[in-house]
Amino acid sequence: MATEINFGRSAADREKGFIALYKKAFPAVAKYVSKMGGSFDDAKDIFQDALVIFYEKKVNQSGIVATNEQAYLVGIAKHLWSRKFEENCALTSLDKQFDISEEDELQPSSFKILHYLETAGQKCMELLKAFYYDNLPVNTIAELFGYSGIRSATVQKYKCMEKVRETIKEKSLAYEDFVE
Amino acid sequence: MNEIKLIDEHLFNTGSTEDRLLFDAMLILNPSLPEQVMWQKNAHAMVQQYSRRKLKAEIETIHQKLFNEVRHRTFQQKIMSFFSR
């Protein structure tokens, strides 16, 4: 029975959603990967990447239009498998849509900046993640981060964006190989 | 701060038509603005990378729970049966 997954508003809500997806969709993915000659770790890697893509689609304004979300998730995983392991697999327009591999192309300096932001700017990064990546409603963010209201949460968002922008600018001058 | 907001609206195409026209004019009149747009785009890319890494770590923790905790044993056995051959 297909049920709609809800990622809610907190890490605990997300965990519930991901556990439900694991239980419902991972068996089909594991079975498929095993049939294709892959290992448990292959199935795990493929499935986790598929979960990230699924999550990004789900929380995006446009959302997921599939009537059966579990089947949709299994479909993403199978697609990722064929792209990763089947030789001569023609690149399709789907690949662009399902591309989460930019990380591999990051310049070493970008990793340094990211690492710096992860440690020195964690509070701001968490707030920006909630706004821009998790796409949570402003009132929820205000509550989660302890702001008095929508207005101060929004002000803080722009302050943080400015801080991150300035940090990147400053650090990029120090690490010269930084390109977009 | 207002500049940050305007650049966001420009990047996400969310502002009103007037705001967009105003921004286009500012891009021409303010020589440092195009550069600020580029840095803000970089900042958004960095937020995305940060967020993906966090999400992946969250998913990995969930995976470890599912494959280590006794209460998920039936699930573990089901998955492992596909790879036991």
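The structure this text deals with has already been given above.
Quantities reported herein were computed from a predicted structural model and do not represent experimental measurements.

**Student:** Teacher, can you tell me more about the overall build of chain A here?
**Tutor:** When helices and strands are tallied, chain A shows 9 helices and 0 strands. Across the 180 residues that make up chain A, the buried fraction comes to 29%. Look at the contacts in chain A between residues 6 or more apart in sequence, and 59% of them connect residues 24 or more apart.

**Student:** Any chance you could explain the packing of helix α7 (residues 122–133) of chain A against helix α3 (residues 33–68) of chain B here in plain terms?
**Tutor:** Packed helix pairs are specified by the crossing angle of their axes together with the interaxial distance, meaning the distance between the axes. Axis separation between α7(A) and α3(B) bottoms out at 9 Å; the angle between their running directions is 95°. On the basis of their axis angle, the class for α7(A) and α3(B) is roughly perpendicular. Of the residues in α3(B), those in contact with Met125(A), Leu128(A), Lys129(A), Tyr132(A) and Tyr133(A) of α7(A) are His44(B), Val47(B), Gln48(B), Tyr50(B), Ser51(B) and Lys54(B).

**Student:** I tried to follow unusual backbone geometry on my own but got confused; where do I start?
**Tutor:** Despite not being glycine, Asn135(A) shows a phi value in the positive range, around 50°. Locating Asn135(A) in the fold gives a position in the loop between α7 and α8 (138–145). Of the residues examined, Asn135(A) has 13 C-beta atoms within 10 Å and is grouped as partly exposed. Even without being glycine, Asn13(B) reaches a positive phi, approximately 60°. Within the fold, Asn13(B) resides in the loop between α1 (2–12) and α2 (17–29). Residue Asn13(B) is classed as exposed on the basis of its C-beta count, with 7 C-beta atoms lying within 10 Å.

**Student:** Could you clarify how one ought to interpret α3(B) in this entry?
**Tutor:** Residues separated by three or four positions in an α-helix point in the same direction, a consequence of the helix having 3.6 residues per turn. Along its 36 residues, α3(B) runs 52 Å from first to last C-alpha, staying within 8% of the 52 Å computed at 1.5 Å per residue. Within α3(B) the residues assigned to the buried category are Gln40(B), Asn42(B), Ala43(B), His44(B), Met46(B), Val47(B), Gln49(B), Tyr50(B), Ser51(B), Leu55(B), Ile59(B) and Ile62(B).

**Student:** Just to check I follow, could you spell out the environment of Ala77(A) for this structure?
**Tutor:** All names here are of chain A. With respect to the secondary-structure elements, Ala77 resides in helix α3 (residues 69–85). Residue classification places Ala77 among the buried residues on the basis of 26 C-beta atoms within 10 Å. Separated by 46 residues in sequence, Ala77 and Lys31 have C-alpha atoms that sit 12 Å apart. Once you skip the residues sitting within four places of it in the chain, Ala77 turns out to touch Val29, Ile46, Phe47 and Ala50.

Rules and cut-offs
- Residues numbered from 1 in each chain as written.
- Chains lettered and ligands numbered in written order.
- Predicted model: local features only at pLDDT ≥ 70, side-chain atom pairs only at ≥ 80, totals over all residues.
- Helix = DSSP H or I, 4+ residues; strand = E, 2+ residues; numbered from the N terminus.
- Buried ≥ 20, exposed ≤ 12 C-beta atoms within 10 Å, placed from the backbone.
- Contact = placed C-beta atoms within 7 Å.
- Axes fitted to C-alpha atoms, helices over the stretch in contact; angles between N-to-C directions.
- Parallel < 35°, antiparallel > 145°, perpendicular 65-115°, else oblique.
- Expected span 1.5 Å × (residues − 1).

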